[in-house]
Number of protein chains: 2
Amino acid sequence: MKNIAIIGFGVVGSGVYETIKTNKEILKRNTGEELRVVKVLDIRDFPDHEEKQIFTKDFNDLLNDESIDIVVETMGGVRFAYDYTKQLLEKGKSVVTSNKELVAKHGEEFFKIAREHNVRYLYEASVGGAIPIIRPIACDVAANDIVEVSGILNGTTNYILTKMFLENDSYDNALKTAQELGYAEKDPTADVDGIDACRKISILMSLVTHRKIDSEKVHTVGIRNLTTEDLTYAAALDCKIKLIGCGFVENGKVSASVEPMLVPNNSPLSSVEDVFNAAIVKGNMAGTLMFYGRGAGMLPTASAVVGDVVDIVRNPGYNSAYEWGESAPENELAYEDIVAKFFVCIKEEQLEKAKKEFGDIEIINGVTGLGFVAPKMSIKELDEKLGAIGGAVSRLRFYR
Amino acid sequence: MKNIAIIGFGVVGSGVYETIKTNKEILKRNTGEELRVVKVLDIRDFPDHEEKQIFTKDFNDLLNDESIDIVVETMGGVRFAYDYTKQLLEKGKSVVTSNKELVAKHGEEFFKIAREHNVRYLYEASVGGAIPIIRPIACDVAANDIVEVSGILNGTTNYILTKMFLENDSYDNALKTAQELGYAEKDPTADVDGIDACRKISILMSLVTHRKIDSEKVHTVGIRNLTTEDLTYAAALDCKIKLIGCGFVENGKVSASVEPMLVPNNSPLSSVEDVFNAAIVKGNMAGTLMFYGRGAGMLPTASAVVGDVVDIVRNPGYNSAYEWGESAPENELAYEDIVAKFFVCIKEEQLEKAKKEFGDIEIINGVTGLGFVAPKMSIKELDEKLGAIGGAVSRLRFYR
């Protein structure tokens, strides 16, 4: 018998409860133990819950219950979750989380405490919902030098972009539909401004490099300013526009960024539509791998959380494969030093100057201006050239 | 220091050697140990190899070397590989294999011996080359009731089908090109007749159900008889034709089969082209997941083999998550009892009879005959109806 506690009985927390209950027999077969949720911490009341006796509002009820080995933290936010996680790990309990903000901000601290107490801090559900991506990087691809991890890491924005691209919908309309369907929050900032994707790519690249990539320093652009004209250009270039969390390691330097990118139609990422997520992992031996599935939702996220619980039941001791340490800014590549190919939109009257700066460019006519593919150069150099022609209407990086 | 031996220094075996050498530092960081290949067994001579002193033709040199904990078996075939694997496990050494035929035929025996000696028998590389699929099923998705595992499990046939579909090439021409490029063997039987895919789906469904699915009893049809006309019908149905290893569990019964299937363009499998492989896993909580990458090749396959080696260095003790036992025919669904939707091709003169048997069908005109989508029914019932109209020219199952 393994006793489990849940902190935060919202969408994900209640999904974890349901998964452990529904798949009781399967979990028993897969772990050799019966898993049982014995405590749930939440500030709200659940008087009608079938097991209302397991609910508590006092964190100490969990912390001091020595029968509990594993605690699932699905409350979100940082302040309380940080304190709780720290205390639980120090008490020798393993913690599983779906809280990307917390992992991105304080992961390195928790790994240290977990190591000291020989317990585990796992976070598969913090990136890509149901999609296995943390454990594949830590285990399956462990024989590789991982040179890239990139992907569509946010379902809300992918839904909006899919609507805009396939149905020629405006950004505002697509967002409204996403909100009506429950895919986007009333305040969609965290999704549409790329903050959610930024935390996820930070976690992935921290794991790959074993050094913290500080999400607050990651260059992040959302999808708010994309126009249907951008999408028309993309189609002409045989591409789609996707919000990409893009991480790579080159010459010992690590890069992480989030921005809408032109994804060529021959990339497996281009056919990832609607609320689905997908992550590309490139290893020096494995080549290109892709992991695809539902990046959010009650049960998909719970699937990943309980998968981590299963891992801990099987292997309760600390595992350094999942950790990272303090950040190492000297190993990070500044956004402006990324060398990339861009599509640039300008006004017609800038054409002659653009030709002078960029040489022999092929022009694509848009409705309100025109565009061209700039040759590969550093973003710094690109922006200097664009400054010299009076600035671009917009510029979009190609996913390589 | 972990000493490793390799049996069979062909494409995969030499890739394993190269991976361990090239990624030495990464492997050290990821396992805490230095991995070293100390013996290679092969009947051939490698007089020019930089470490020619580690080669041997005598199996006992490996078996009796107590410094070797992990042996990689990449020799292929069954006869010798079976004996070697058994003896190694009995001697308390863990074995990692890429040999799908051996795993499919004798896995259950090896798991039993591995359990008795508290060592491991791992086989990630036997399915899907570089693509993580065995460990995801055993670990990442362990909180799920897995209801389906299906996929494009053979790169050679997928390459041929891609050529036929995108370039309107004939089967014979496409096969010839595949042979010229080294994607297909001189004798392509194992690939084009679906034998390779059959072993892989058998392994996957054995793992999912923990009972052996005997590959020799799996209904298997290859791609030899597909015509460009079949592909034209597929396009008209908004589908592609892919060779699918299809496994599912329904009402407690397990089904495994291999056949060319009509894959709707909105399925993520439909955009998997060329030599790439992809496997779909459906769980009752996770929903649809897909794992995509290179299904063959020296280094991609070695990536998976060495990933298993890393797993064993980290967790050397037996792990029941990867095992299956003897087959349980009473839990297997016969092919003819599968309920599915089919596309049926007939000759024009059969149309009236077909309408009588199948009711209100919508006709699609081909070049040499015509076709229609039969309503969902058991394959037995379908074949009875087809018998009553004098047999079909061909029939193709829809991937659901």
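Criteria and thresholds
Residues numbered from 1 in each chain as written. Chains lettered and ligands numbered in written order. Predicted model: local features only at pLDDT ≥ 70, side-chain atom pairs only at ≥ 80, totals over all residues. Axes fitted to C-alpha atoms, helices over the stretch in contact; angles between N-to-C directions. Helix = DSSP H or I, 4+ residues; strand = E, 2+ residues; numbered from the N terminus. Parallel < 35°, antiparallel > 145°, perpendicular 65-115°, else oblique. Left-handed = near helix turned anticlockwise from the far one by under 90°. Contact = placed C-beta atoms within 7 Å. Nonpolar A, V, L, I, M, F, W, Y, C, P; charged D, E, K, R; others polar. Buried ≥ 20, exposed ≤ 12 C-beta atoms within 10 Å, placed from the backbone. Pairing = 2+ DSSP bridges. Domains from an automatic or database assignment. pLDDT = per-residue confidence, 0-100. Least-squares fit on C-alpha atoms with pLDDT ≥ 70 in both.

A. Up close: the packing of helix α4 (residues 79-90) of chain A against helix α5 (residues 100-116) of chain A. Residue and element names in this part refer to chain A. Close contact between α4 and α5 brings their axes to 10 Å; oriented N to C, the two are set at 15 degrees. Relative to α5, the element α4 lies roughly parallel. Crossing angle aside, the handedness with which α4 passes α5 is right-handed. In this structure, α4 uses Ala-81, Tyr-82, Thr-85, Lys-86, Leu-89 and Glu-90 to contact α5, whose residues at the interface are Leu-102, His-106, Phe-110, Ile-113 and Ala-114. When grouped by side-chain class, the residues that make up the contact of α4 with α5 number seven nonpolar, two polar and two charged.

B. How the structure looks around the environment of Ile-133 of chain A. Residue and element names in this part refer to chain A. Locating Ile-133 in the fold gives a position in the loop between β6 (121-122) and α6 (134-140). Since 28 C-beta atoms lie within 10 Å of it, Ile-133 is described here as buried. Beyond its immediate sequence surroundings of up to four residues, Ile-133 is in contact with Val-127, Gly-128, Ala-279 and Phe-291.

C. Fine view of the environment of Glu-73 of chain A. All names here are of chain A. Residue position: Glu-73 is located in strand β4 (residues 68-73). Given 27 C-beta atoms within 10 Å, Glu-73 falls into the buried group. For the pair Glu-73 and Phe-9, spaced 64 residues apart in sequence, the C-alpha separation works out to 9.4 Å.

D. Highlighting the sheet that holds strand β4 (residues 68-73) of chain B. Residues and elements named next belong to chain B. The six strands lie next to each other as β3-β2-β1-β4-β5-β6, forming an open sheet whose pairing is parallel. Each of the sheet's edge strands pairs with one partner strand only, and the pair in question is β3 (55-56) and β6 (121-122). Pairing analysis gives five bridges linking strand β1 (residues 2-7) to β4, with the strands arranged parallel. Of the residues in β4, the one forming a bridge with Ala-5 is Val-71. Along the sheet, helix α4 (residues 79-90) makes contact with β1, β4, β5 (94-97) and β6, crossing β4 at roughly 160 degrees.

E. Structural view of the interface of chain B and chain A. Tallying the contact residues gives 40 residues for chain B and 40 residues for chain A. Put simply, the parts of the chain that give the side of chain B that touches chain A at least two residues each are α2 (24-31), α6 (134-140), β12 (287-294) and α12 (298-314) of chain B. Grouping the constituent residues of the side of chain B that touches chain A by class yields 23 nonpolar, twelve polar and five charged. Here three bridges tie strand β12 (residues 287-294) of chain A to β12 of chain B, and the two strands are oriented antiparallel to one another. Of the residues in β12 of chain B, the one forming a bridge with Met-290 of chain A is Tyr-292 of chain B.

F. Region of the structure containing the sheet that holds β4 of chain A. All names here are of chain A. Pairing is parallel in the open sheet, where six strands are placed in the order β3-β2-β1-β4-β5-β6. Each having just a single partner strand, β3 (55-56) and β6 make up the two edges of the open sheet. Of the strands in this sheet, β1 (2-7), β2 (35-41), β4, β5 (94-97) and β6 are in contact with helix α12 (residues 298-314), which crosses β5 at around 160 degrees.

G. Structural detail: the domain arrangement of chain A. Residues and elements named next belong to chain A. The domain architecture assigned to chain A consists of domain 1 (2-129 + 299-322), domain 2 (134-294) and domain 3 (338-398). When each unit is reduced to the centre of its C-alpha atoms, the spacing between domain 2 and domain 3 is 24 Å. Contacts between domain 2 and domain 3 engage twelve residues on the former and twelve residues on the latter. For the side of domain 2 that touches domain 3, the secondary structure elements donating two or more residues are α11 (228-236) and β10 (253-264). A per-class count over the side of domain 2 that touches domain 3 returns seven nonpolar, two polar and three charged.

H. Structural view of the packing of helix α2 (residues 24-31) of chain A against α12 of chain A. Residue and element names in this part refer to chain A. At a minimum axis distance of 10 Å, the contact between α2 and α12 shows a crossing angle of 35 degrees. Crossing geometry of α2 relative to α12 is assigned as right-handed. Taken together, the residues of α12 that come into contact with α2 (itself represented by Leu-27, Asn-30 and Thr-31) are Val-310, Val-313 and Arg-314. Here the residues of the contact of α2 with α12 are counted per class, giving three nonpolar, two polar and one charged.

I. Structural detail: the pairing of strand β15 (residues 370-378) of chain B. The pairing of strand β13 (residues 339-346) of chain B with β15 of chain B spans seven bridges and is classified as antiparallel. Along β15 of chain B, the bridge assignment pairs Ile-346 of chain B with Leu-370 of chain B.

J. Molecular detail of the confidence of the model for chain A. The predicted model of chain A has a mean per-residue pLDDT of 97, with 100% of residues at 70 or higher. Confidence metrics for the complex model read pTM 0.97 and ipTM 0.97.

K. Representation of the relation of the copies chain B and chain A. Each copy superposes on the other: chain B lies on chain A with an RMSD of 0.0 Å after a rotation of 180 degrees and an axial shift of 0.0 Å. Read as a symmetry element, the transformation amounts to a two-fold axis. Measuring from the rotation axis to each C-alpha of chain B, the shortest distance belongs to Phe-291 of chain B, at 2.5 Å. When the interface residues of chain B are mapped onto chain A, 100% of them again fall at the interface, so both copies present the same face.

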